[in-house]
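Structure assessment
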Amino acid sequence: GARLVKCAYEALSAAIDLVRPGTLYRDLGEAISKVTKRAQCSIVTTYCGHGIGSLFHTAPNVPHYPKNKAKGTMQVGHIFTIEP
């Protein structure tokens, strides 16, 4: 349990380090993957982060795995989740 929590925390931190205007949403998956591989954990590819707007689950999709096809670039004012 503790190893999983540590891995998830470090994966989230690695992704947060990239959050700034101009970053591609798909780049977060690569950062998360590097942490999970090092910790010998896996990524559940059926779940992803998402935008939050007038609806809770909205664009953009924020996949947590590498080589994903997420579209979009972070901009000032974008609100989204990262849920590795």
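Details of the structure are given in the entry above.
This paragraph deals with the overall build of the chain. Counting secondary structure elements, the chain contains two helices and two strands. Each helix and strand of the chain, placed in order from N terminus to C terminus, yields the pattern α-α-β-β. Whereas a compact globule of 84 residues would reach a radius of gyration of roughly 12 Å, the chain reaches 12 Å, a difference of no more than 12%. Overall size of the chain, expressed as C-alpha extent along the three principal axes, is 35 × 25 × 20 Å. A buried classification covers 32% of the 84 residues belonging to the chain. Pairs at least 24 residues apart make up 63% of the contacts formed inside the chain by residues separated by at least 6 positions.

Moving on to helix H2 (residues 27-38). Relative to the 16 Å expected for twelve residues at 1.5 Å per residue, H2 spans 18 Å between its end C-alpha atoms, a close match to the ideal helical length. Restricting attention to buried positions, one finds in H2 the residues Leu28, Gly29, Ala31, Ile32, Ser33, Val35 and Thr36. Backbone geometry just after H2 places glutamine 40 at a positive phi near 55 degrees.

Here we come to helix H1 (residues 2-16). Given a rise of 1.5 Å per residue, 15 residues ought to cover 21 Å, and the 21 Å separating the end C-alpha atoms of H1 matches this to within 8%. For H1, the elements touching its buried residues are H2.

Next up on the list: the side chain of histidine 50. The topology assignment puts histidine 50 in strand S1 (residues 48-51). Given a relative accessible area of 5%, histidine 50 falls into the buried group. Within polar-contact distance, the side chain of histidine 50 engages the backbone oxygen of phenylalanine 56 at 3.3 Å. When neighbours within four sequence positions are excluded, histidine 50 is seen to be in contact with Phe56, His57, Thr58, Pro60, Val62, Phe80, Thr81 and Glu83.

Turning next to the layout of surface pockets. Rolled over the atoms, a probe sized like a water molecule indicates the empty space that remains. A volume near 220 Å³ is recorded for the largest pocket. Ser42, Ile43, Val44, Glu83 and Pro84 are, among the 14 residues lining the largest pocket, the residues nearest its centre. Listing elements by their share of the lining of the largest pocket, those giving two or more residues are H1 and H2. With four residues, the top contributor of residues to the lining of the largest pocket is H1. Residue composition of the lining of the largest pocket, grouped by class: ten nonpolar, three polar and one charged.

Scoring rules and cut-offs
Residues numbered from 1 in each chain as written. Predicted model: local features only at pLDDT ≥ 70, side-chain atom pairs only at ≥ 80, totals over all residues. Heavy atoms only, no water. Helix = DSSP H or I, 4+ residues; strand = E, 2+ residues; numbered from the N terminus. Rg over C-alpha atoms; globule rule 2.2 N^0.38 Å. Buried < 20%, exposed > 50% of the residue type's maximum accessible area, 1.4 Å probe, protein only. Contact = heavy atoms within 4.5 Å. Expected span 1.5 Å × (residues − 1). Polar contact = N/O pair within 3.5 Å; in protein donor to acceptor, adjacent residues only side chain to side chain. 1 Å grid on protein atoms, 1.4 Å probe; cavity = no way out; pocket = protein on both sides within 12 Å on 5 of 7 lines; lining within 4 Å. Points joined across faces, edges and corners; volume = space filled by probe spheres on them. Nonpolar A, V, L, I, M, F, W, Y, C, P; charged D, E, K, R; others polar.

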